[in-house]
Amino acid sequence: MRVIALEEHYATPAFMEGPGRDLEAQAEAARDHPQVAAGYAKLIEQLCDLGEGRIAAMDAAGIDVQVLSLTFPGVEQLDATEAVAFARETNDFLTEAVRRHAGHFAGFAALPSAAPEAAAEELDRTVREHGLKGALINGHTRGRYLDDEFFWPILERTEALGVPIYLHPTPPPQPVIEASYTGNYTPGVTAGLATAAWGWHIETATHVLRLILGGAFDRYPNLQLVVGHMGETLPFMLPRIDLALPTEMTKLDRPIGTYLRENLHYTFGGFNWVQAFLDLVLQVGVERIMFSADHPYASMGEARDFLDRLPVTPADREKIAHGNAERLLGL
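These remarks concern the structure in this document. (Residues numbered from 1 in each chain as written. Predicted model: local features only at pLDDT ≥ 70, side-chain atom pairs only at ≥ 80, totals over all residues. Heavy atoms only, no water.)

Looking now at the sheet that holds strand β2 (residues 65-70). Strand order in the open sheet made by the three strands is β1-β2-β3, with parallel pairing throughout. Looking along the sheet, the strands with just one partner apiece sit at the ends: β1 (4-10) and β3 (105-107). Averaged over all pairs of adjacent strands, the angle between strand axes in this sheet comes to 35°, irrespective of strand direction. The strands that helix α4 (residues 52-61) touches are β1, β2 and β3; relative to β2, the one it contacts most, it runs at about 130°. Helix α5 (residues 80-100) rests against β1, β2 and β3 of the sheet, and its axis sits at about 155° to β3. (Pairing = 2+ DSSP bridges. Helix = DSSP H or I, 4+ residues; strand = E, 2+ residues; numbered from the N terminus. Axes fitted to C-alpha atoms, helices over the stretch in contact; angles between N-to-C directions. Contact = heavy atoms within 4.5 Å.)

Right, dumping it as structure tokens:
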């Protein structure tokens, strides 16, 4: 069974010296804790490996193709001029890695969302000239979200090209962290609550809902998004959202749940739990679900084992493993 993984991350040396320097700083701060420091060192090594080591790990886990994307925070928090140059350089780096290892890698472009017209042109260039399969956007752009019509040149070009945007989490804006996640506990707990434990997922779900409620999918009805982590809480909330925000109130063309079933695709992203999967498949259908491991932040082997144990038919497992991704991305 061919297996294609969609939320698989990489970094470049320039990224580690620039937008990713916080990760380097965290590794340096942990130098007095050898086990933690070793974990950071391994993570950075795996992010920067776009060669034989990564492919060997894929082979060991039974994964045939990784669709690579620049790890968060990506370029979304850079100023416009720096983001344009950095995105182009990064996408050229990714394109070369995909070419070197044809058949093992595909890629999502990084976009300078702070400069939407330039971002649309960069998406066009990377898709038409270099064969990348869409783009990955890491959440908000300095506190601004994609429902803002400022960003809609990106959505328009994405729809025209027939490729998806993978909407990936990023930490909430600092005022949100201070208002909602800082409390009677340590700063470490605040950081975890605002990101991997809760905030990343709620932030991304809210971002999707803002896009729907802002009319983006009515303007661009063929636009497709991908979200990870079994839907970022959206499947669980879908019936409630439809109940509380009917079309009579929203004035949208369709119920919100219809957009979630027709304009979104969903991946695992390290959420290897049958309960979450069953809710997702019951709400949106197997044709909207695709495999991912969230490498190197989560285990490829555990993700593949989870895929093999899913309580679905062999035909549906094939769709999740590769068929749906082949259809969406043209792989």
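What follows concerns α4. Residues three or four positions apart in an α-helix share a direction because the helix packs 3.6 residues into each turn. For α4, the full list of buried residues reads R54, I55, M58 and A61. Taken end-on, α4 shows its buried residues confined to a sector of 125°, consistent with a single buried face. Exposed side of α4, more than 90 degrees from the buried face: E52, D59 and A60 are the residues found there. Buried residues belonging to α4 abut β1, α3 (34-48), β2, β3 and α16 (300-309). Positioned one or two residues after α4, G62 has a phi angle of 80°, which is positive. (Buried < 20%, exposed > 50% of the residue type's maximum accessible area, 1.4 Å probe, protein only. Arc of directions from axis to C-beta.)

Of all hydrophobic cores here, the largest spans 81 residues; its most connected members are V208, L260, L264, F268 and F277. The contact partners of L260, leaving out residues within four places of it in the chain, are V208, I212, L234, L238, Y266 and V284. Formed by 13 residues, the second largest nonpolar core is a distinct cluster that contains I4, L6, F108 and L329. (Core = buried A, V, L, I, M, F, W, Y, C linked by side-chain atoms within 4.5 Å.)

On to the side chain of H295, then. Within the element layout of this structure, H295 appears in the loop between β9 (289-290) and α16. What H295 contacts, discounting residues up to four positions off in sequence, is E7, E8, H9, Q46, R54, Q66 and M300.

Counted by the stated rule, this structure contains 10 aromatic pairs. Relative to Y259, the ring of F217 has its centre 6.2 Å away and its plane inclined at 35°; by these criteria the two rings are tilted. Of this pair, F217 sits in helix α11 (residues 216-219) while Y259 sits in helix α14 (residues 256-262); the two residues are 42 residues apart in sequence, bridging distant segments of the chain. Among the residues examined, F217 registers a relative accessible area of 1% and is labelled buried. Centroid distance F271 to W273: 4.9 Å. Interplanar angle 65°. Geometry classified as edge-to-face. Note on F271: relative accessible area 21%, which makes it partly exposed. (Phe/Tyr/Trp six-rings, centres within 6.5 Å; stacked < 30°, edge-to-face > 60°.)

The next point concerns the sheet that holds strand β5 (residues 135-138). Here we have six strands laid out as an open sheet, ordered β4-β5-β6-β7-β8-β9, and parallel in their pairing. On the outer flanks of this sheet lie β4 (109-110) and β9, each paired with one strand and no other. With two bridges connecting them, β4 and β5 associate as parallel partners. Within β5, the residue paired with A110 across the bridge is L136.

What follows deals with the packing of α16 against helix α17 (residues 314-329). Their axes nearest at 9 Å, the elements α16 and α17 cross at an angle of 150°. Taken together, the axis directions place α16 and α17 in an arrangement best described as roughly antiparallel. Judged by residue contacts, L307, D308 and R309 of α16 engage R317, I320 and A321 from α17. Here the contact of α16 with α17 is built from residues that sort into three nonpolar, no polar and three charged. (Parallel < 35°, antiparallel > 145°, perpendicular 65-115°, else oblique. Nonpolar A, V, L, I, M, F, W, Y, C, P; charged D, E, K, R; others polar.)

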